[in-house]
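Structural characterization, general
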Amino acid sequence: MPNSKQTITDSEYEIMKILWNTNEKMSVADVVTELKSNDWSASTVSTFLQRLLKKGVVSCEKKGKSNLYYPLLKQEDYKLSETESFLSKLYKGSVKNLVAALHENKRLSKEDVSDLKKMFDLE
């Protein structure tokens, strides 16, 4: 089972998003092609994929001379882990403390507050 607590850098996250958004195993060249807004070389992408492989969040299989990469870590598991880490680090693990901070700093619109009330209304 992949380690959802594993730290993924911002650059590695860019690679993971590409892997998560496809249902196919991808070569380095495939990933480079999908990185439309980035000018990383195949060597750079390969380095990031090797790091992700060592972290246990992706795997690969050999096909001819190419490695085909695919995610082991599910995107939802990663999001949950990152959210929990963020809450723990900045808000003592409390969603209530996060929402209170947003409200106190005028970051929640009336619509946001209304939507939150509806979301948590159990009746």
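These notes cover the structure that comes with them. Only a predicted model underlies this, so the values are computations on that prediction, with no experimental measurement involved.

Rules behind the numbers
- Residues numbered from 1 in each chain as written.
- Predicted model: local features only at pLDDT ≥ 70, side-chain atom pairs only at ≥ 80, totals over all residues.
- Heavy atoms only, no water.
- Phe/Tyr/Trp six-rings, centres within 6.5 Å; stacked < 30°, edge-to-face > 60°.
- Buried < 20%, exposed > 50% of the residue type's maximum accessible area, 1.4 Å probe, protein only.
- Lys NZ or Arg CZ within 6 Å of the ring centre and 35° of its normal.
- Helix = DSSP H or I, 4+ residues; strand = E, 2+ residues; numbered from the N terminus.
- Core = buried A, V, L, I, M, F, W, Y, C linked by side-chain atoms within 4.5 Å.
- Contact = heavy atoms within 4.5 Å.
- Axes fitted to C-alpha atoms, helices over the stretch in contact; angles between N-to-C directions.
- Parallel < 35°, antiparallel > 145°, perpendicular 65-115°, else oblique.
- Nonpolar A, V, L, I, M, F, W, Y, C, P; charged D, E, K, R; others polar.

The next point concerns the packing of aromatic side chains. How two aromatic rings sit relative to each other is given by the distance of their centres and the angle of their planes. By the definition in use, this model includes 5 aromatic pairs. With a centroid separation of 4.9 Å and 50° between ring planes, the pair formed by tryptophan 40 and phenylalanine 48 is classed as tilted. What makes phenylalanine 48 buried here is its relative accessible area of 11%. One aromatic cluster in this structure is built from Tyr13, Trp20 and Tyr78. Here lysine 25 stacks its cationic end above the ring of tyrosine 70, 4.8 Å away from the centre of that ring.

Another point: the environment of asparagine 38. Counting through the fold element by element, asparagine 38 comes out in the loop between α2 (28-34) and α3 (42-55). By relative accessible area, which is 26% here, asparagine 38 ends up partly exposed. In sequence terms asparagine 38 and serine 94 are 56 residues apart; their C-alpha atoms lie 36 Å from each other.

Here we take up the nonpolar core. Ranked by size, the top nonpolar core spans 20 residues in total, and within it Ile15, Met16, Leu19, Val31, Val45 and Leu49 carry the most contacts. With 5 residues, the top contributor of residues to this core is helix α1 (residues 10-20). If near-sequence neighbours (up to four positions away) are discounted, leucine 19 is found in contact with Met26, Val31, Leu49, Val58, Tyr69 and Pro71.

Two numbers describe how α1 lies on α3: the axes approach to 10 Å, and their chain directions differ by 85°. The angle between α1 and α3 falls in the class roughly perpendicular. In contact with Ser11, Glu12, Ile15, Met16 and Leu19 of α1, α3 contributes Val45, Phe48, Leu49, Arg51, Leu52 and Lys55. The residue makeup of the contact of α1 with α3, split by class, is 7 nonpolar, 1 polar and 3 charged.

Honestly, it's all geometry; don't read function into it.
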